[in-house]
Amino acid sequence: MKKFGFLLFLFVFMVAFPKGADASSYSAKIYLDGTELNLSSKVKVENIKGTVMVPIRVISENLGYSVGWKKSTQTVTVKGNGTTVEMVIGDKTAKVNGQRAEMTRAPILRGGTTIVPIRFVSEQMGLNVKWDNQKKAVYLTTPTTVNPNPGEGNDNLSTVDGISFSENRLTVAATGTVKPELMKLSSPHRIVVDIPNAKFSESFRKNNDLNASLNGELSVTGHPDVKKVRYSIFKNNPSTVRIVIDLSKAKNYTLHGPKNGTGSFSVELNTSTEPAPAPGAGGKKLVVIDAGHGGRDPGTIGATKKKEKDFTLALALKVEKLLKKEKNIDVVMTRSDDTFIELKDRAKLANDLKADAFVSIHANSGPSSASGTETYWQRESSEELAKVLHKHMVEAMGIRDRGVKYGNFHVIRETKMPAVLLEVGFMSNKSDESKLFNPTVQNKLAEAIVDGLKEYLKVK
Ligand SMILES: [Zn+2]
């Protein structure tokens, strides 16, 4: 297969450097609203005949947009802020919300990485873009006023941004003033949660299967008494979001939050007659575990085509299981199954719950030789947590220690509590990948994360 490998190399080389090697690759800097984005060392910003091109990873991991890749059609899709940009490798014509738009340069594929023109993508996502040729820097700024629902006007409605059900708890991520009204109904048994003066956010509508009349549902598996969770716009004047928990037998519930009447809240189904304490109540520390990627965002694809989202979920669930045994720690998951959740909603959930620590689980990608464990922090207040968790993880994983690093990732930047992002190993390295998916190693890693959290939070 050597010959094919060479031809592929030649092809990629020719696509990447049309008409000779006039592409320059350098360590350009990218700033978002004045803060420099941390680009991992393998991310190269390139100026190809005046068009600044970046790996798609920058768009997803640094800018926080969701990115999809369809191999059969060589199409990369970027979604966010109500905009969908579709680009095809080697084609200068993109589609923005279905409309054709011209790029100065077509996306290219190199070494398994898609490289796209950053100005085009950023501008379509509503960012202002400036390129400083002398400093070799891209300046991206978010406009100060954003109307999330153009054409709908300012209706002052609060938004429901996310609905999840895990273990015994329904968690509703919301923005704005929220006054949930709960009812217990029988035949069939169900708990109804109404949120008056609210609607589904644009991102919720995009990321969940809502039909034309804005109805949708979550399937709940593995709960003895909960069959499913349905949601809809129950009425229009005032707009009211209704969430129904369908039960197989009558259950009591306790409503927690929203704090100060705004933002997210949760509904705990009581297992006993004792009201369940709110997460983090009674002096307990509250930890949010974030399994990276999910749903239509697979994350990076490994050396043997395994998906990062499957590793992150498997490890996160093991961490959750161990944390549930800790009597001084409560745990809330950003996702417990294979669903897509926006980065901003992950951060918001942790902020709304006023969590004590946030741990985002990821796996790395790079050249096939790259291997090792690294841990990222973004705000100074997170550095200590990063150091402690890293120490335990490196021991459990037993591969190269790549160190504790500053990284400008959305979820650890926008959270307010100590927050870290773990790159446990490299999916792109066969040996790392097989360790990441080895259940014994995962158990050790889960224990390491719990040990690290206990050490950091100083709980017994
Ligand atoms: Zn990741």
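Source: prediction; values computed, not measured.

**Observations regarding the overall build of the chain**
Phase 1: What the chain contains, in helices and strands, is 10 helices and 30 strands.
Phase 2: Here the chain holds 460 residues, and 42% of them are scored as buried.
Phase 3: Long-range pairs, those at least 24 residues apart, make up 64% of the contacts in the chain between residues at least 6 apart in sequence.

**A look at helix H5 (residues 308-324)**
Phase 1: Over its 17 residues, H5 extends 24 Å from the first C-alpha to the last, a length consistent with the 24 Å expected when each residue adds 1.5 Å.
Phase 2: Residues of H5 that are buried include every one of Glu308, Lys309, Phe311, Thr312, Leu313, Leu315, Ala316, Lys318, Val319, Glu320 and Leu323, and no others.

**Remarks on the pairing of strand E25 (residues 285-291)**
Phase 1: In terms of burial, E25 is a largely internal element, seven of the seven residues being buried.
Phase 2: Residues Lys285, Val287, Ile289 and Ala291 point to one face of E25 and Leu286, Val288 and Asp290 to the other, with burial holding for every one of them.
Phase 3: Taken together, the five bridges between E25 and strand E26 (residues 329-333) define a ladder with parallel strand orientation. Looking at E26, one finds that Val287 is bridged to Val331.
Phase 4: Note that the unit made of E25, H5 and E26 has a crossover that is right-handed.

**Topic: the pairing of strand E4 (residues 45-48)**
Phase 1: Here three bridges tie E4 to strand E5 (residues 51-55), and the two strands are oriented antiparallel to one another. Counted as the bridge partner of Asn47 is Val52 from E5.
Phase 2: Between E4 and E5, which pair antiparallel and follow one another directly, the connecting turn spans two residues, one of which, Lys49, has a positive phi of 45 degrees.

**Some thoughts on the packing of helix H7 (residues 383-397) against helix H10 (residues 439-457)**
Phase 1: The N-to-C vectors of H7 and H10 enclose an angle of 150 degrees; their axes lie 8 Å apart at closest approach. By the angle between their directions, the pair H7 and H10 is classed as roughly antiparallel. The two elements H7 and H10 meet at a crossing, and its hand is right-handed. Across the interface between the two elements, Glu384, Leu385, Val388, Leu389, His392, Met393, Glu395, Ala396 and Met397 of H7 pack against Val441, Lys444, Leu445, Glu447, Ala448, Ile449, Asp451, Gly452, Glu455 and Tyr456 of H10.
Phase 2: Grouping the constituent residues of the contact of H7 with H10 by class yields 11 nonpolar, two polar and six charged.

**Examining the environment of Gly425**
Phase 1: In this structure, Gly425 sits in strand E30 (residues 419-426).
Phase 2: For the pair formed by Gly425 and Ser371, sequence separation is 54 residues and the distance between their alpha carbons is 6.4 Å.
Phase 3: Leave out the neighbours within four places in its chain, and Gly425 touches Ala363, Asn364, Gly372, Thr373, Met397, Ile399, Asp432, Lys435 and Leu436.

**Looking at the sheet that holds strand E9 (residues 93-96)**
Phase 1: Strand order in this open sheet of five strands is E6-E7-E8-E9-E10, and the pairing throughout is antiparallel. Bordering the open sheet on either side are strand E6 (66-70) and strand E10 (99-102), each of which pairs with just one other strand. Across the sheet, the mean angle from the axis of one strand to that of its neighbour is 25 degrees, orientation sign disregarded.
Phase 2: Here strand E7 (residues 75-80) pairs with strand E8 (residues 83-88) via six bridges, running antiparallel. When the sheet's bridge partners are listed, Val78 is paired in E8 with Val85.

**What to know about unusual backbone geometry**
Phase 1: Non-glycine residue Gln74 carries a positive phi angle of around 55 degrees.
Phase 2: Unlike most non-glycine residues, Asn97 shows phi in positive territory, near 50 degrees.
Phase 3: Here Asn97 is to be found in the loop between E9 and E10.

**Points about the sheet that holds E25**
Phase 1: Spatially, E26-E25-E27-E30-E28-E29 is the arrangement adopted by the six strands of the open sheet, whose pairing is mixed. On the outer flanks of this sheet lie E26 and strand E29 (401-406), each paired with one strand and no other. Within the sheet, the average angular offset between the axes of one strand and its neighbour, ignoring direction, is 20 degrees.
Phase 2: Against the sheet, H5 engages E25, E26 and strand E27 (357-364), with an angle of about 145 degrees to E27.

**Some details on the packing of H5 against H10**
Phase 1: Contact geometry for H5 and H10: axes closest at 9 Å, N-to-C directions at 55 degrees. The pairing of H5 with H10 is recorded here as oblique in orientation. The two elements H5 and H10 meet at a crossing, and its hand is right-handed. Facing H5, whose interface residues are Ala314, Leu315, Lys318, Val319, Leu322 and Leu323, H10 presents Gln442, Asn443, Leu445, Ala446, Glu447, Ile449 and Val450.
Phase 2: Tallied by class, the residues present in the contact of H5 with H10 amount to nine nonpolar, two polar and two charged.

**Concerning the environment of Asn429**
Phase 1: Within the element layout of this structure, Asn429 appears in the loop between E30 and helix H9 (430-436).
Phase 2: Taking the C-alpha atoms as reference points, Asn429 and Gly366, separated by 63 residues in sequence, lie 8.0 Å from one another.
Phase 3: When residues no more than four places from it in sequence are discounted, the contact partners of Asn429 are Ala303, Ser368, Ala370 and Ser371.

**A short note on the environment of Ala316**
Phase 1: Mapping Ala316 onto the fold places it in helix H5.
Phase 2: Assessed through the 25 C-beta atoms surrounding it within 10 Å, Ala316 is described here as buried.
Phase 3: Sequence separation of Ala316 and Val359 is 43 residues, and the distance between their C-alpha atoms is 9.3 Å.
Phase 4: Not counting the four nearest positions on each side in its chain, Ala316 is found in contact with Ile289, Ala291, Met333 and Ile361.

Conventions and cut-offs
Residues numbered from 1 in each chain as written. Predicted model: local features only at pLDDT ≥ 70, side-chain atom pairs only at ≥ 80, totals over all residues. Helix = DSSP H or I, 4+ residues; strand = E, 2+ residues; numbered from the N terminus. Buried ≥ 20, exposed ≤ 12 C-beta atoms within 10 Å, placed from the backbone. Contact = placed C-beta atoms within 7 Å. Expected span 1.5 Å × (residues − 1). Pairing = 2+ DSSP bridges. Right-handed = clockwise from strand over helix to strand, strands pointing away. Axes fitted to C-alpha atoms, helices over the stretch in contact; angles between N-to-C directions. Parallel < 35°, antiparallel > 145°, perpendicular 65-115°, else oblique. Left-handed = near helix turned anticlockwise from the far one by under 90°. Nonpolar A, V, L, I, M, F, W, Y, C, P; charged D, E, K, R; others polar.

Read these as spatial facts, not as claims about activity.
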